[in-house]
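# Understanding the architecture of this molecule
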Amino acid sequence: MTDRPSGTITVLFTDIESSTKRWEQRPDEMRQSLARHDLILREVADEHRGFVFKHTGDGIAAAFAAAGPAIGAAIMMQQRLQNEDWSGADRLRVRMGLHTGDATLRDGDYKGPTVNRAARVMDVANGDQILVSAATTELVRGVEVLPQGEHPLKGIGTERIGLVSAPGLIVDRRPLRTRTITPTTTLPTLLPELIGRARELGQLDELIREHRLVTMVGFGGVGKTRLAIEAASNAGDRFPAGIVFCELASVNEEAVDDAVAHAIGARRQPGMSLVESIANYLEDREVLVVIDNCEHVLDASREIVRRLLTSGAGCVLATSREPLQLPGEQVVEVPPLDPSTAAVELFITRATERDANYSVGRDERRVIARICESLDGIPLAVELAAARARMLTPTELLSRLEDRFTVLRDTDHGRHRTLRDTVQWSYELLNEPEARLFDRLSVFSAGFALDAVEEVCPDDELVLADEILHLATALVDKSMLRREPASGRMRFRMLETLRQFAADALAGSGHEDLFRERHAAFFAELVGQQADLLLSVKEPEVWEQLGREWGNVRAAFEASLERGNIDQAVDVALDVSWFATFSMRFEAFAFSERLLEDDAVADHPRLGALLGAGALGAYFTVDVRAAELAARGLEIDPSDPTGLCRAALSAVYLNNVLSPADSDVLTREWLDHAPEAPVPSRLWAEGMRAFHLGSSGNDQAAEVHATRVRGIADLTGSTSAAALACWAEGIALVRSDPEAAEATWIEGLDRARSLSSSHLMTHLITGLLLHMRAGRGDLASTIGLCRDTLEEAIDQHYLAGTSHLFGVAGICLARAGRAEAGGELLATMIANGHQPRSNARRSLTAALGHDIESYQPRRAAMTIGEAGQFALAELDAAAEGLMAEPHRSEPPQ
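Reading the values: the criteria
Residues numbered from 1 in each chain as written. Predicted model: local features only at pLDDT ≥ 70, side-chain atom pairs only at ≥ 80, totals over all residues. Heavy atoms only, no water. Helix = DSSP H or I, 4+ residues; strand = E, 2+ residues; numbered from the N terminus. Expected span 1.5 Å × (residues − 1). Pairing = 2+ DSSP bridges. pLDDT = per-residue confidence, 0-100. Contact = heavy atoms within 4.5 Å. Buried < 20%, exposed > 50% of the residue type's maximum accessible area, 1.4 Å probe, protein only. Core = buried A, V, L, I, M, F, W, Y, C linked by side-chain atoms within 4.5 Å. Axes fitted to C-alpha atoms, helices over the stretch in contact; angles between N-to-C directions. Parallel < 35°, antiparallel > 145°, perpendicular 65-115°, else oblique. Left-handed = near helix turned anticlockwise from the far one by under 90°.

## Some thoughts on helix α30 (residues 679-695)
In this model α30 runs 24 Å from its N-terminal to its C-terminal C-alpha over 17 residues, within 8% of the 24 Å that 1.5 Å per residue would give. Downstream of α30 by a residue or two, Gly 697 has a phi angle that is positive, lying close to 90 degrees.

Spelled out as structure tokens, the structure:
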């Protein structure tokens, strides 16, 4: 008899891939194959002195005294299974996972985190894969382990996974069965080399490792932003959820929350302010948030940082000209560069970048050191001076600087004056067209493209449109403007210190209003053009363009509102609404919300459409006002020219709040107005009619409208329209041909995900897939898909979608013997204005013994976010229960 190891052990879990399908389609064959499988695994475990302590139905769990024998056993098991003569039957493909740690043997079974983690490592494997945890990898000798990166393990956290490879072993190369956690890094790229900051980087690295708030302070131009980006990049491997860079330079106090939410991907949630929603999104996420240029919005920055810290976010790295004055803040003063060493290296490096033949001798280095000393070692000032090295010798440059400056030393005020004088000097060396363009570029928010500059900035005298490229090139050469290649297109950006100087110069010229109005008009028109192209063959470009220019779009809306151009502000708000719907960029609906609070829109001719946009925004944030706002919009304008009001009411029907009779009237009326409506409205009108008819059992009529949706998709070439067509076609097919419906829906998922993982259609389609699988009794598959989809909805901060999933999660839990937990989830749905579907009601009513409406939850009332985490834990527990019960299946419903 094999000894039962104790203390530190290596645990091996195995499982047969697609076993449920095998049991359903060929139960007799599967029974024979499983007996041979069990015999092979037990024999190999015994040969390697392993103790099989559990059979999990279609696999085993075995304990080994050391990692080496455990890995050897896993390899031999796979080889024997792969080489076995299955006599015509399909070869079994087995997934395996191993982890090493301490475990407790109790009543012949091992308990504890080591066992749980080994099982979770196995969960993410495909058939013909042996996966090992980091702890096991470190103990392996003589076996090749291929790194697979960091992966989330259900209910546990993350693990660095390795894939075992060995001679004679068939290794499946499919991606693991979970999303790899590739830290989402939004740090600017292609930055110039950082020089002379080794000491500061070391200090920041230590502080970021040990503290949750680090604020870098220093005067403008000293290099805080560049240093913060480098420090964050160096620390990235310590933050599995990624690094988020949020620039506040061009943001006012009112827009700070929106800017941070947009940067991190948070969405406003029901009953929460935007700041609370951001904190909710970051709850328990190990993320590094870099917030740049806090000084001009200090109060708003302080509040948002305070909430980020209370949320449990990993760390906040802020840059400012003064501390945030928050508890636990670690302040790092960023000094100028040493004028005699680092500043000289910076000067020579930047000069050489502009002229590969640039070289200096010992005497010239001394002169450059004097130049850097006169510039107080301020990096931006040194770079501006170095930009003139192609035209002036170091001695000539020093002479001009000494003539120009009255330098006040040894105080921050004096250094600020030095920088200002350096910028002023560089500015005065521009010719007049270059200087005028420099001023006007200050109206752009964050980055910008040349075509936008050519429309916004020219005049008829100095800055001619056909000279813009030449002038922009000159500004780049003189370090007054920076290039930012992005997605095959060149974009530009101004450093904030330079942008502020340019903005002051533009205000002093008396032309600020003109160019800000041009900027707002250009981006308002761009949004309108992109809205027209949204459902077309150019849709991927629209998503990219609007995502890239979102800062400028927001600035255009704000400028339009501030200057009383209500028509333009309304156009922007409505033109982004369908994009916001498909892309789940719900912050865009804040534009409509802002306008609806303004008395100036009370008599606006597009008020009905604005109410529709507001209603859609309310629906997505589980706001009970959604139906009320949409109804008001239809009362004002029954034609609903944009379709937004009826879209919002149809979405409410998805919540099962509207009756089938109301839905019938709504979708009929929508179709009556559809011929004159824009493409998105026609598309959704036909799609929602198909959904209504399919839900009512009229599949033939549903097919008619699904075919019309497909016609729109084919005519437009739109990816989103094609995904919506798959959604509608699957609805018409699901009763008569469920396999075809599933294949159609999966095609729709692929279409939607080709645009973005955050696409509304992924959630709508997956919801239908889940209900279909639950209906046919495929409990294990449904639990797995439900858990993964729920986790994705929570990860995307889409709490409306999270709530929708509680219905099918409740069905799964009821069938797995956890009806009380399912009742908790349905109670949370109802409390948030969502009505469970009839199949969820029937399942829970049968399991609980009474109607769900009368169910009294045992737990305190939960938010959707809390209920989502509760659901994940319960689904994990249900899945574990199924693993321990061999061959369990559910009858079709």
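## Side note on unusual backbone geometry
Its identity as a non-glycine residue notwithstanding, Arg 49 has a phi of 55 degrees, on the positive side. Looking at the secondary structure, you find Arg 49 in the loop between α2 (27-47) and β2 (51-55).

## Digging into the pairing of β2
Sheet topology note: the β2/strand β3 (residues 60-64) ladder contains four bridges and is antiparallel. Bridge assignment links His 55 to a residue of β3, and that residue is Ile 60. Linking β2 to β3, which pair antiparallel, is a turn of four residues; within it Gly 57 sits at a positive phi near 95 degrees.

## What to know about the confidence of the model for the chain
Of the residues in the chain, 91% reach a pLDDT of 70 or more, and the chain-wide mean stands at 85. When pLDDT is averaged over each helix and strand of the chain, the minimum, 67, is found for helix α1 (residues 19-25) and the maximum, 96, for helix α23 (residues 566-575). In the model, residues 406-412 has pLDDT below 50 throughout and makes 16 contacts with residues more than four positions away in sequence or in other chains. Between residues 886-893, whose pLDDT stays under 50, and residues either more than four places distant or in other chains, the model counts 20 contacts.

## So, α2
Each α-helix winds once per 3.6 residues, and so residues spaced three or four apart point in a common direction. The end-to-end C-alpha distance of α2, which contains 21 residues, comes to 30 Å, matching closely the 30 Å that a straight helix rising 1.5 Å per residue would cover. Met 30, Ser 33, Leu 34, His 37, Asp 38, Ile 40, Leu 41, Val 44 and Ala 45 are the residues of α2 that are buried. Positioned one or two residues after α2, Arg 49 has a phi angle of 55 degrees, which is positive.

## Things to note about the environment of Thr 802
Secondary-structure assignment places Thr 802 in helix α36 (residues 799-815). Between the C-alpha atoms of Thr 802 and Leu 92, which are 710 residues apart in sequence, the distance is 36 Å. Excluding anything up to four places from it in sequence, Thr 802 contacts Leu 790, Ala 793, Ile 794, Ile 864 and Gly 868.

## Considering the nonpolar core
Grouped together as the largest cluster of nonpolar side chains are 212 residues, with contacts concentrated most on Leu 317, Phe 347, Phe 438, Leu 441, Phe 444, Trp 684 and Trp 727. Apart from the residues within four sequence positions on either side, Phe 438 is in contact with Tyr 427, Leu 430, Leu 475, Met 480, Met 494, Leu 498, Phe 501 and Ala 502.

## Some thoughts on the environment of Glu 322
Within the secondary structure, Glu 322 sits in the loop between β13 (315-320) and β14 (330-333). A relative accessible area of 41% means that Glu 322 is categorised as partly exposed. Along the sequence, Glu 322 and Val 217 sit 105 residues apart, while their C-alpha atoms lie 5.6 Å from each other. Non-local contacts of Glu 322, meaning those with residues more than four positions away in its chain, are made with Thr 215, Val 217 and Leu 298.

## Structural notes on the packing of helix α34 (residues 760-775) against helix α35 (residues 779-795)
The interhelical angle for the contact between α34 and α35, taken along N-to-C directions, is 160 degrees, at an axis separation of 9 Å. The angle between the axes of α34 and α35 places the two elements in the roughly antiparallel class. Pair α34 / α35 crosses with left-handed handedness. In contact with His 763, Thr 766, Leu 769, Leu 770, Arg 773 and Ala 774 of α34, α35 contributes Ser 781, Thr 782, Leu 785, Cys 786, Thr 789 and Ala 793.

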